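# Coordinate analysis (summary)
Now for the letters of each chain:
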Amino acid sequence: RHRLFAALVLLGGEQSVTVEVGLSAPGHEVPASLWGIFLEDIAMSVDGCLYPELVLNRGFDFRPAPSDPDFERRTKGPCDLGIPGWQNDFAQNPGTNGRITLQYARPKFEDNPAYLRIEAFAPFAGAKNSGQLGEMRVTKGTRYRLSLWARGTVPVAVRLKTQGAKGKVLWGTDFASAGSDWRRFEAEFAAPVSEAVSLGVYAVRKGTVEVEQVSLI
């Protein structure tokens, strides 16, 4: 019986990678009763690597839903870390121009019910994401696809900025008001520079907008 043997050498920089597969090489016998799937996600080796998602916690589900038996224990006291991967990004002081919260009523996806509500008390209140391990990077000339689900009374704006308190806008797009039902939006762009960036989602004017599954690949 043929066995599959693969050796994969990962090299840094721009060096090439060689993969050799020996289909006829004998290997250890594997019992027919042994089956299953196991993958340990170490240091973001799945999201942001094998799966090239640049947004950390794109579905806002890193925290348990209220229906989870551990909800009280895992979201109160010193274990409450806010919304992992996301932080408010307001034009002035946090709390004066808007508010961001997790919501669970009438979700787009029942199995992953959390979504982000942005309440804008002034234009362009929202939230930003700095990516896996706190560093989202884009490469000049590479094309990226942005997608998200939204609903609400105001248009949604997305901005790609250099990191920092006064990040420079590198790319952006605005989407029309989605209304009371969830609506999917998508856009593609080529990165103008190679840079560490953050991805911001904002309400264009005063009002409320809710977003879910914010993805950049």
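Residues numbered from 1 in each chain as written. Predicted model: local features only at pLDDT ≥ 70, side-chain atom pairs only at ≥ 80, totals over all residues. Heavy atoms only, no water.

## Thoughts on a nonpolar patch on the surface
Taken together, the side chains of Val-17, Val-19, Val-21 and Leu-23 present a nonpolar region at the surface, about 350 Å² in accessible area. Positionally, Val-17 belongs in the loop between β1 (6-8) and β2 (19-21). (Patch = residues over 30% accessible without salt bridge, like charges linked within 9 Å, V, L, I, M, F, W, Y side chains within 5 Å. Areas by Shrake-Rupley, 256 points an atom, 1.4 Å probe, with all protein chains shown as cover. Salt bridge = Lys/Arg side-chain N within 4 Å of Asp/Glu carboxyl O. Helix = DSSP H or I, 4+ residues; strand = E, 2+ residues; numbered from the N terminus.)

## As for the pattern of salt bridges
Under the criterion given, the structure shown has 9 salt bridges. For Arg-99, the salt bridge identified is with Glu-119, shortest N-O distance 2.9 Å. Of this pair, Arg-99 sits in strand β4 (residues 98-103) while Glu-119 is found in strand β5 (residues 115-120), placing the two residues 20 residues apart along the sequence. What makes Glu-119 buried here is its relative accessible area of 18%. Of the charged contacts, one joins Glu-188 and Arg-143 as a salt bridge, the two residues approaching to 3.9 Å between their closest N and O atoms. Placement of Glu-188 in strand β11 (residues 179-190) and of Arg-143 in strand β8 (residues 143-152) is noted, with a sequence separation of 45 residues between them. The exposure class assigned to Glu-188 is partly exposed, which follows from its relative accessible area of 48%. Members of the salt-bridge network, linked through shared partners, are Arg-117, Arg-151 and Glu-210. (Buried < 20%, exposed > 50% of the residue type's maximum accessible area, 1.4 Å probe, protein only.)

## Quick word on the side chain of Lys-161
Residue placement: Lys-161 occurs in strand β9 (residues 156-162). Lys-161 gets classed as buried once you look at its relative accessible area, which sits at 19%. Within the structure, Lys-161 has its side chain in polar contact with the side chain of Tyr-202 (distance 3.3 Å). If we ignore the near neighbours within four places in the chain, the residues touching Lys-161 are Asp-89, Gly-167, Lys-168, Val-169, Leu-170, Ala-196, Val-197, Ser-198 and Tyr-202. (Polar contact = N/O pair within 3.5 Å; in protein donor to acceptor, adjacent residues only side chain to side chain. Contact = heavy atoms within 4.5 Å.)

## Some words on the sheet that holds β11
Taken in spatial order, the 5 strands make up an open sheet running β4-β5-β13-β8-β11, and their pairing is antiparallel. With partners counted over all chains shown, the strands left at the sheet margins are β4 and β11, one partner each. Taking each pair of neighbouring strands and ignoring which way they run, the sheet shows an average axis angle of 25°. Judged from the 6 bridges that link them, β4 and β5 form a sheet pairing that is antiparallel. Each bridged residue has a counterpart across the sheet, and for Leu-102 the counterpart in β5 is Leu-116. (Pairing = 2+ DSSP bridges. Axes fitted to C-alpha atoms, helices over the stretch in contact; angles between N-to-C directions.)

## Focus on the nonpolar core
Counting 40 residues, the largest nonpolar core has Phe-60, Trp-86, Leu-116, Leu-160, Leu-199, Val-214 and Leu-216 as the members making the most contacts within it. Sequence-distant contacts of Leu-216, defined by excluding residues within four places in its chain, comprise Pro-52, Glu-53, Leu-54, Val-55, Met-136, Tyr-144, Arg-145, Leu-146, Leu-160, Phe-189 and Leu-199. (Core = buried A, V, L, I, M, F, W, Y, C linked by side-chain atoms within 4.5 Å.)

## Concerning the environment of Thr-173
For Thr-173, the position within the fold is in strand β10 (residues 169-175). Here the alpha-carbon distance between Thr-173 and Leu-160, two residues 13 residues apart in the chain, equals 9.2 Å. When near neighbours in sequence (up to four residues on either side) are disregarded, Thr-173 contacts Leu-146, Val-156, Ala-157, Val-158, Arg-159 and Ala-187.

## Side note on the confidence of the model for the protein
Per-residue confidence for the protein averages 82 on the pLDDT scale, and 82% of its residues sit at or above 70. When the criterion is pLDDT under 50, residues 1-12 qualifies, and its contacts beyond four places in sequence or with other chains add up to 28 contacts. Across residues 74-81, confidence stays below pLDDT 50; counting only partners more than four residues off in sequence or on other chains, it has 9 contacts. (pLDDT = per-residue confidence, 0-100.)

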